[in-house]
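Residues per chain are reported as follows:
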Amino acid sequence: LRCWDAGEPQADREAVHGRFEVSAGERALLALLASDDVSLVIPERRALEYRLRCTVDFWRAWLGRLRYDGPWKGAVERSLLALRLLADRRTGAITAAGTTSLPEQIGGERNYDYRFAWVRDLCFTVEALLRVGMEELAHTSINWLFGAIENTLPRIDPVYGLTGEVVRGQEQLPLAGYRGSAPVHIGNQAGSQLQLGGFGDLVETVWRHAEAGHLMAPRVAERIADSVDLLAHIWRNEDAGLWELGDYAQYATSKLSCWTAFERGLDLVRRGDLPRSRAGHWPAVRSQIRDFIETSCWSDRRRSYVMKAGSEMLDCGVLLAARRNFTDPKGPRMQGTIEAIRSELRAEGPLFYRYSGMQEQENAFLACSFWLAEALALAGRQEEAGELLDGMVALANDVGLYSEEMEPGGHAMRGNFPQALTHLALINAAVLLEENS
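One structure accompanies this document, and this report is about it. (Residues numbered from 1 in each chain as written. Predicted model: local features only at pLDDT ≥ 70, side-chain atom pairs only at ≥ 80, totals over all residues. Heavy atoms only, no water.)

**Re unusual backbone geometry**
- That bond from A182 to P183 is cis: its omega, 10°, falls within 30 degrees of zero.
- Within the secondary structure, P183 sits in the loop between strand 7 (170-173) and strand 8 (184-187).
- Of note, the bond from F417 into P418 is cis; its omega dihedral lies within 30 degrees of zero at -15°.
- Mapped onto the elements of the fold, P418 is located in the loop between strand 15 (413-414) and helix 13 (420-435).
- The backbone phi angle of S101 is positive, close to 70°, even though this residue is not glycine.
- Here S101 lies in the loop between helix 2 (73-86) and strand 5 (117-118). (Helix = DSSP H or I, 4+ residues; strand = E, 2+ residues; numbered from the N terminus.)

So, in structure tokens, the structure goes:
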């Protein structure tokens, strides 16, 4: 430990400690040095301060590309910094989180390894980065996606390794876990699940890339069409859904993503980005999926879209129907869904549980609040959306970061950290509110 104008450090067997006073306008510097090499280089103060200035200048220059200048700019900037740090510098993959096995509940067993890249997250990533002017990172991430899916096409896995490798299972490590919350995992079993949503997420990502004026290679276009054709045969299957549940069912979020695959795919055909010869049956399949959602995933009693066919459970994931233009956000079905979710799934203040019955099993899921803010804004309820977003921004930690979940009441972060999905949801909500204000 090197100190300049920061007193003299004192070392004992358990700690290094010290004490000093500093006044306004004065500058103190402490540097902790470590090395696993045979020698430890001890730099002078001037060299350290130069490195600090270079680091600060680099990050400020990168944020200088930001095109968003709305009321939540500070929160958007912090979220972008988190995403950049979660991006694998070799491949462009966006890691879901930088940690493994941080529990969703202290003492619980929902402890997962999030050091992988989800196709679902990449869909939100590309949208967020393109909307705020960070095209370079968006393009790098898309190129990673095209490389990763080559390992499984025409099937789309929910999750891939950072170098594109297939992820098929998980192992338990002989560790106590965070605050005694075992098990500790390496790997992720979600890769072995059928998640139909990945097909829609893939096509949505390609569509947003094309909307920004970019082109796919013809070989890639053919491969994407192969995946859409496969989905035409399997969309009726039960799957694990958006929330990666072991209980396979006809989840509304999955069917919504299936509809999105054909809706966006047909638009890509009209644009000339996907081969027209492959799409003759796509309109009929799209109509069949819409009919299924509107009849089997709608509850007249609830006046809301529900979590799965034949159920009365609510699910914040169906709020994504607004952002995907499946239904009119100002229409009675989306309005009814918003009100039902606000009534039943609210944890406290701006916090919401993922779906019915989670009050006793886990904490509030942070991305859901940002999805609700988006739905409110698209429904023309900007004031309510802004209040919700203000409440969520106030719950960030001292450096503007979020985990996956948060304890109601005490507001302790829970789950893996920092969580890319939460920060992506914040960026997209902030930009959408600004665009619709």
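Now that the structure has been shown, the text picks up again.
**Some details on the packing of helix 2 against helix 13**
- Where helix 2 contacts helix 13, the axes come no closer than 9 Å and their chain directions differ by 140°. When the interaxial angle is binned, helix 2 and helix 13 end up oblique. In the crossing of helix 2 with helix 13, the sense of the turn from one axis to the other is left-handed. Residues A75, V76, S79, L80, A82, L83 and L86 of helix 2 pack against A420, H423, L424, L426, I427 and A430 of helix 13. (Axes fitted to C-alpha atoms, helices over the stretch in contact; angles between N-to-C directions. Parallel < 35°, antiparallel > 145°, perpendicular 65-115°, else oblique. Left-handed = near helix turned anticlockwise from the far one by under 90°. Contact = heavy atoms within 4.5 Å.)

**Observations regarding the nonpolar core**
- Core analysis: the largest hydrophobic core is formed by 127 residues, its most contacted members being L80, I149, I224, L231, W243, W282 and W371.
- Excluding residues that lie within four positions of it along the chain, W282 makes contacts with A225, V228, D229, F262, G265, L266, V269 and L274.
- Ranked by size, the runner-up nonpolar core spans eight residues in total, among them A96, Y114, W118 and A190. (Core = buried A, V, L, I, M, F, W, Y, C linked by side-chain atoms within 4.5 Å. Buried < 20%, exposed > 50% of the residue type's maximum accessible area, 1.4 Å probe, protein only.)

**Topic: the sheet that holds strand 14 (residues 405-406)**
- One open sheet holds the three strands; their spatial order is 13-14-15, and the pairing between them is antiparallel. The two strands at the open ends of the sheet, each matched to only one other strand, are strand 13 (364-365) and strand 15. (Pairing = 2+ DSSP bridges.)

**Describing the packing of aromatic side chains**
- Counted by the stated rule, this structure contains 13 aromatic pairs.
- With a centroid separation of 6.0 Å and 20° between ring planes, the pair formed by F124 and W371 is classed as stacked. One end of the pair, F124, is in helix 3 (residues 119-131); the other, W371, is in helix 11 (residues 366-378), with 247 residues separating them in the sequence.
- Owing to a relative accessible area of 2%, W371 belongs among the buried residues under this scheme.
- Counting every residue linked through ring pairs, the aromatic cluster contains F124, W243, F365 and W371.
- When the ring centre of F292 is taken as origin, the NZ or CZ atom of K255, which lies over that ring, is 5.8 Å away.
- Here the guanidinium or amino end of R290 rests over the ring plane of F326, the centre of that ring lying 4.1 Å away. (Phe/Tyr/Trp six-rings, centres within 6.5 Å; stacked < 30°, edge-to-face > 60°. Lys NZ or Arg CZ within 6 Å of the ring centre and 35° of its normal.)

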